[in-house]
Amino acid sequence: MSDYVIRVVQPEEHRAAHTVFRVTLHVRPTTDGDWSEREPSYELGRTWGAFRDQEIVGSAQSWSSALAVPGGEVVPMALVSRVGVRADHTRRGVLCGLMGAQLGALTEPLATLRATEGAIYGRFGYGVASRYRQVRIRRARARFRPEVPTGRQIRLVSFDQAQELMPPIYNRVASSARPGWVQRPAHWWTNLRLRMDSYSSPVMVAVHTGQDGDDGYALYTVQRGDFSDPDAKTVLELRDLVTLSTEAWAGLWRYLLSVDLVTEVVAKGRPMDEPLEQLFTDRRALNTERINDETWLRIVDVPSALAARRFGLLGVDTTESLVLEVRDAILPENAGSYRIGAEQTDRVTEAADLVLDVDALGELYLGDVTPTALAQAGRLLVVNPNALSLADRLFAVNSAPWCGTDF
Ligand SMILES: CC(=O)SCCNC(=O)CCNC(=O)[C@H](O)C(C)(C)COP(=O)(O)OP(=O)(O)OC[C@H]1O[C@@H](n2cnc3c(N)ncnc32)[C@H](O)[C@@H]1OP(=O)(O)O
């Protein structure tokens, strides 16, 4: 590792960093035209590079963003992305160097990433904070129950027409968002357009208009089958569904399952508790194909993160609290004990009731997993058995955490 220099990548080196990253994902380097649009997504001073003999061989970047946490606060957060080490330099500690430098320099109390592989990021203190499910719905069997809201007006627009319309709807969700919602930087929308440009089928957006104007949209593409072959499938792929009301949500699902020639609707990253089965007279119209980790959370500043999140949202007595000891080998200033209750959290020197590593705290933070589940797996040490059920109640949330943003 001493052969490598880890430092911030300068603006004139951003394109080389981008090329290294793309090649690690087995994607061709970007073209000149493409690069002029992608360049703004390299925020100044936020890309770390590993250099060997002046040549960049690995990088990791982040974007300034924000995360909705239990209780409704939207907290500054780094979206970590484009992590890669060139194949001829792997397993020599380069990623360790990049992650250490990046974590040490972040100013946000939280960092989030989406991982290509599940075994990479736990060692750096990241834990799975939200999961998603991939569903496939057979249109012929998907008859809506009569109680399901019909929704109001739907209009279909092209992706180009929708570009002005989608970000304000997405941003309005923030105030009512489930934990896990992330602020999408302006360049995220540019990257979405570049991604959509690469599809050969039309990219369409169905917009729902409720009583107070546009309040939801569904972005989708359609993979055509051979219409003359009765066994061939034409699949509508839902890529982004954002809604501000139940009416918009139900109305858009009704629309998606009404599109002619479509045999199946596939939605890749839906929330774990989205009540899709409840929509249909035959719940087997829907098949859950996959459940996967969605986002990984690194708590960079434990005291600030604990203070930002509300505890006991489903009800605990204000006199009830417990002491949680957090261990953090990479950012030792986080290590210590914290008294957690519904009213406030404080750093304390008292004996711990429960002990866990910072990656496990990342898994608890948005409410994706319970303390009891972590204890069962040995990832949370129970010193005081009476504290475990209280911890379950303190960390409990109203709805499953979910991000829904690919980055
Ligand atoms: C947020 C994102 O952008 S996700 C995208 C991540 N990037 C990719 O998947 C692209 C392809 N892969 C790569 O570029 C590289 O293999 C990386 C970035 C995953 C790892 O980089 P490396 O420089 O090889 O990691 P490094 O040598 O620092 O390894 C640190 C430790 O993690 C382990 N490790 C690294 N990668 C992996 C992996 N893919 N699976 C399991 N363990 C891994 C190493 O064995 C090592 O363990 P040790 O300390 O016990 O010996």
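The shown structure was predicted, so the numbers you read here are calculated from the model rather than taken from an experiment. (Residues numbered from 1 in each chain as written. Predicted model: local features only at pLDDT ≥ 70, side-chain atom pairs only at ≥ 80, totals over all residues. Heavy atoms only, no water.)

### Regarding the site of the ligand
Okay, step 1: Surrounding the ligand, one finds 23 residues, the nearest of these being Val-83, Val-85, Arg-91, Thr-116 and Glu-117.
Okay, step 2: One nitrogen or oxygen atom from the main chain of Arg-82 is found 3.4 Å from an oxygen atom belonging to the ligand.
Okay, step 3: Here Thr-116 contributes a side-chain N or O atom positioned 2.6 Å from an oxygen atom of the ligand.
Okay, step 4: Look at the ligand: alone it shows 960 Å² of surface, and the protein chains cover 76% of it.
Okay, step 5: Broken down by secondary-structure element, the contributors of at least two residues to the shell around the ligand are strand 4 (74–85) and helix 3 (94–105).
Okay, step 6: In terms of residue count, strand 4 provides more of the shell around the ligand than any other element does, six residues in total. (Near = heavy atom within 4 Å. Polar contact = N/O pair within 3.5 Å; in protein donor to acceptor, adjacent residues only side chain to side chain. Areas by Shrake-Rupley, 256 points an atom, 1.4 Å probe, with all protein chains shown as cover. Helix = DSSP H or I, 4+ residues; strand = E, 2+ residues; numbered from the N terminus.)

### Focus on the sheet that holds strand 4
Okay, step 1: Strand order in this open sheet of 12 strands is 1-2-3-4-5-12-6-11-10-9-8-7, and the pairing throughout is mixed. Unpaired on one side and paired on the other, strand 1 (5–8) and strand 7 (153–158) mark the two borders of the sheet. Within this sheet the neighbouring strands show an average axis-to-axis angle of 25°, counted without direction.
Okay, step 2: Pairing of strand 1 with strand 2 (residues 47–52) involves four bridges; the strand directions are antiparallel. Looking at strand 2, one finds that Arg-7 is bridged to Gly-49. (Pairing = 2+ DSSP bridges. Axes fitted to C-alpha atoms, helices over the stretch in contact; angles between N-to-C directions.)

### Considering the UniProt feature "binding site: acetyl-CoA" (unreviewed entry) in the protein
Okay, step 1: Annotation from UniProt places "binding site: acetyl-CoA" (unreviewed entry) at Val-83, Gly-84, Val-85, Arg-91, Arg-92, Gly-93, Val-94, Leu-95, Cys-96, Thr-116 and Glu-117.
Okay, step 2: Note on placement: Gly-93 falls in the loop between strand 4 and helix 3.
Okay, step 3: With sequence-adjacent residues up to four places away left out, Leu-95 is seen in contact with Val-83, Val-85, Ile-120 and Phe-124. (UniProt positions renumbered as here; feature names shortened; annotations may be inferred. Contact = heavy atoms within 4.5 Å.)

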